[in-house]
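Now for the letters of each chain:
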Amino acid sequence: MYLAMNRFTVPAENAAAFEEMWLSRESHLHRLEGFVSFHMLKGPEEAGRILYASHTVWQSEAHFRAWTRSPEFRAAHARTGESRKLHEGTPRFEGFTAIQEITAGSPA
């Protein structure tokens, strides 16, 4: 399993517009081989800024890398420049390969 995350720092006054942008966009992820799930997470507010993280789970890093080279990726990110005014700086990417997974109902 591979987790791909982008973290965004959003001024509190832009939070509603930032959330609407994500909630109203067309996602192409469900069509891709190896895609497992997506979550847009809202974190704490501190000093007038809210931390958000997009969290995508893939079967493998290779599946994630294939997504980044796909036409669906280009379509999903075609309007990326328009959101820059809603968050500070550039998103911070973090990628993780799972070394352990415990699920509901499995022994710890």
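Rules used throughout
- Residues numbered from 1 in each chain as written.
- Predicted model: local features only at pLDDT ≥ 70, side-chain atom pairs only at ≥ 80, totals over all residues.
- Heavy atoms only, no water.
- Core = buried A, V, L, I, M, F, W, Y, C linked by side-chain atoms within 4.5 Å.
- Buried < 20%, exposed > 50% of the residue type's maximum accessible area, 1.4 Å probe, protein only.
- Helix = DSSP H or I, 4+ residues; strand = E, 2+ residues; numbered from the N terminus.
- Contact = heavy atoms within 4.5 Å.
- Pairing = 2+ DSSP bridges.
- Axes fitted to C-alpha atoms, helices over the stretch in contact; angles between N-to-C directions.
- Salt bridge = Lys/Arg side-chain N within 4 Å of Asp/Glu carboxyl O.

1. Section: the nonpolar core
Moving on, step 1. One finds Phe8, Val10, Ala15, Phe18, Trp22, Ile50, Tyr52 and Leu86 forming the largest nonpolar core, which totals eight residues.
Moving on, step 2. Looking at this core, the elements with two or more residues in it are strand S1 (2-11), helix H1 (15-24) and strand S3 (49-58).
Moving on, step 3. The element that contributes the greatest number of residues to this core is H1, accounting for three residues.
Moving on, step 4. Apart from the residues within four sequence positions on either side, Ile50 is in contact with Phe8, Thr9, Val10, Ala12, Ala15, Lys42, Gly43, Pro44 and Glu45.
Moving on, step 5. Counting seven residues, the second-largest nonpolar core is a separate cluster that includes Tyr2, Ala4, Leu32 and Trp58.

2. Looking at the side chain of His55
Moving on, step 1. Looking at where His55 falls in the secondary structure, it is placed in strand S3.
Moving on, step 2. With residues up to four places along the chain from it excluded, the contact list for His55 reads Leu3, Ala4, Met5, Ser37, Phe38, His39 and Leu41.

3. Looking at the sheet that holds strand S4 (residues 88-97)
Moving on, step 1. Strand order in the open sheet formed by four strands is S2-S3-S1-S4, and the pairing between neighbours is antiparallel. Looking at which strands have only one partner, the edges of the open sheet turn out to be strand S2 (35-46) and S4. Looking at each pair of strands side by side, their axes are set apart by 15° on average, direction ignored.
Moving on, step 2. For S1 and S4, the ladder comprises seven bridges, and the chain directions are antiparallel. Counterpart to Ala4 in the pairing with S4 is Gly95.
Moving on, step 3. Each of S1, S3 and S4 is contacted by helix H2 (residues 61-68), which is oriented at about 55° to S1, the strand it contacts most.

4. Section: the pattern of salt bridges
Moving on, step 1. Going through the model one piece at a time under the given rule, you end up with six salt bridges.
Moving on, step 2. With a closest N to O distance of 3.1 Å, Glu19 and Lys42 form a salt bridge. Of this pair, Glu19 sits in helix H1 while Lys42 sits in strand S2, and the two are 23 residues apart along the sequence.
Moving on, step 3. With relative accessibility at 25%, the residue Glu19 sits in the partly exposed group.
Moving on, step 4. For Glu26, the salt bridge goes to Arg31, with nearest N and O atoms at 3.6 Å.
Moving on, step 5. Exposure remark for Arg31: the relative accessible area of 47% places this residue in the partly exposed category.
Moving on, step 6. Through salt bridges with shared partners, a single network forms among Arg7, Arg92 and Glu94.

Geometric descriptors of this kind do not, in isolation, establish any biological role.
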